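Residues per chain, in single letters:
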Amino acid sequence: MSNDMVFGIRLTADGKSLVGAVRMSKGELQKLGNETGRAGKATRRLSTDTAQLERRMRASRAAMGLARRAAMGLAAAYGTRQLGRAIGDVVGRFANFQQGLLNVASVSGATAAEMDHLKKAALAAAGATRFDTTASTAGLYALASAGLDVNEQITALIPVLNLAMAIQGELGDSSELVAGTLKAFGLEVSDAARVADVFTASVGASRMNAGRLQQAMRNGAPTAAAYQQSLEGTTAALNVLVNIFGTGMRAGSGMSAMFRELNERGADLGVVMKDNQGKFLPLIEILRRMEASGWDATRAVQEFGAEAGPSLAILLGQGSEALEEMERRIRSNGQAATVAAKQMSGLKGDIDQMHSVFDVFVTKLGEKSEGIASAIVQGITQGFRNANEN
């Protein structure tokens, strides 16, 4: 075969291969174009998604900023409101304390100098007990209402507060009880702590409580004191009677009736009521002499009737020794202060003491801002007056 023929055959064969290769290349290129198109679409979608994500992120940051600003605004508003409340509380506490002192002054006629003494006493009492400054001024007011002067009020205040704590009584009732007892038995105000001790001990030694004690002393003490009986002897007898009667009113009224009947009819019945100097004997001594003369509970009821008889019968039935023992148990020995301190020794007492001390602090703080607060209030009041006139 000639060279020309071989070349032609090869050329033909190579041409076919070239065409095939070209066709294959066109197919690959088309595929590549298709893939490139899809990649472009994916890229565009990615770009779109990225833009959307960025917009969302910007919106989220804006929302977070708005929420943060709103939270800060709310916090500022809340803080301002709480600050306003705190300032109002400071001013309000001092206003209540000041009004309490003015109430005391209106009853006792205290001078400006005496008002200062009362203020210091009330603050000191609140700082030493579970009672706040308002309660302390209420105690002073009750003592003033009972006729005690400024110095007497200051002297009696702590014993009264201790008594109220020790017997779980109302402060006003405790003030009235101490003041009334001092006057009934002709005691000095320096005996206020003694009175508080006797009453505190009575609650522990008998069925007495704050309410029964108030009723018993109100109904029995004036008559007993008129017959020259001592505070301790009278209270001991009332304790014994309350143990049986269960009520202070019955005990007090029964003892009063008993003394009246003994005084009116005792001599005719052989009951000795007075000593050689004409002074009334203590009740314990009267009972001893009646026991020695053969008196018993049955005869007491028969001779002294339905009102006085039962009380005398109870005392004779219990015996003079029991009454003497009761009197020994309730003698003053610092009981009121001791019991009050024990009640303050637990967590509840610590919390109450903290509140009282804080109240004193706030009250003093309010006192310092009194002038500004008064000026503001007076200015607002005048503004309303001006508005009302238009």
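Residues numbered from 1 in each chain as written. Predicted model: local features only at pLDDT ≥ 70, side-chain atom pairs only at ≥ 80, totals over all residues. Heavy atoms only, no water.

1. Overview of the packing of helix 4 (residues 150–166) against helix 6 (residues 192–205)
Here is step 1: Two elements in contact, helix 4 and helix 6, have axes whose closest approach is 8 Å; the angle formed by their N-to-C orientations is 10°. Relative to helix 6, helix 4 is oriented roughly parallel. Here helix 4 contributes Ala156, Pro159, Leu163 and Ala166 to the contact with helix 6, which in turn contributes Ala192, Ala193, Ala196, Phe199 and Thr200.
Here is step 2: A per-class count over the contact of helix 4 with helix 6 returns eight nonpolar, one polar and no charged. (Axes fitted to C-alpha atoms, helices over the stretch in contact; angles between N-to-C directions. Helix = DSSP H or I, 4+ residues; strand = E, 2+ residues; numbered from the N terminus. Parallel < 35°, antiparallel > 145°, perpendicular 65-115°, else oblique. Contact = heavy atoms within 4.5 Å. Nonpolar A, V, L, I, M, F, W, Y, C, P; charged D, E, K, R; others polar.)

2. Focus on the packing of aromatic side chains
Here is step 1: Counted by the stated rule, this structure contains three aromatic pairs.
Here is step 2: Between the aromatic rings of Tyr227 and Phe259, the centroid separation amounts to 5.7 Å while the plane-to-plane angle is 15°, which identifies the pairing as stacked. Linking Tyr227 in the loop between helix 7 (210–226) and helix 8 (231–245) with Phe259 in helix 9 (residues 248–265), this pair joins segments that are 32 residues apart in sequence. Neither residue differs from the other here; Tyr227 and Phe259 are each classed as buried.
Here is step 3: Centre to centre, the rings of Trp295 and Phe304 are 5.8 Å apart; their planes meet at 40°, and the pair counts as tilted. Grouping residues by exposure puts Trp295 and Phe304 together as buried.
Here is step 4: Grouping aromatic residues by their ring pairs yields a cluster made of Tyr227, Phe259 and Phe280.
Here is step 5: The aromatic ring of Phe245 is capped on one face by Arg250, whose charged end is 4.4 Å from the ring centroid.
Here is step 6: Above the plane of the ring of Phe304 lies Arg265, whose end atom (NZ or CZ) is 5.7 Å from the centre. (Phe/Tyr/Trp six-rings, centres within 6.5 Å; stacked < 30°, edge-to-face > 60°. Buried < 20%, exposed > 50% of the residue type's maximum accessible area, 1.4 Å probe, protein only. Lys NZ or Arg CZ within 6 Å of the ring centre and 35° of its normal.)

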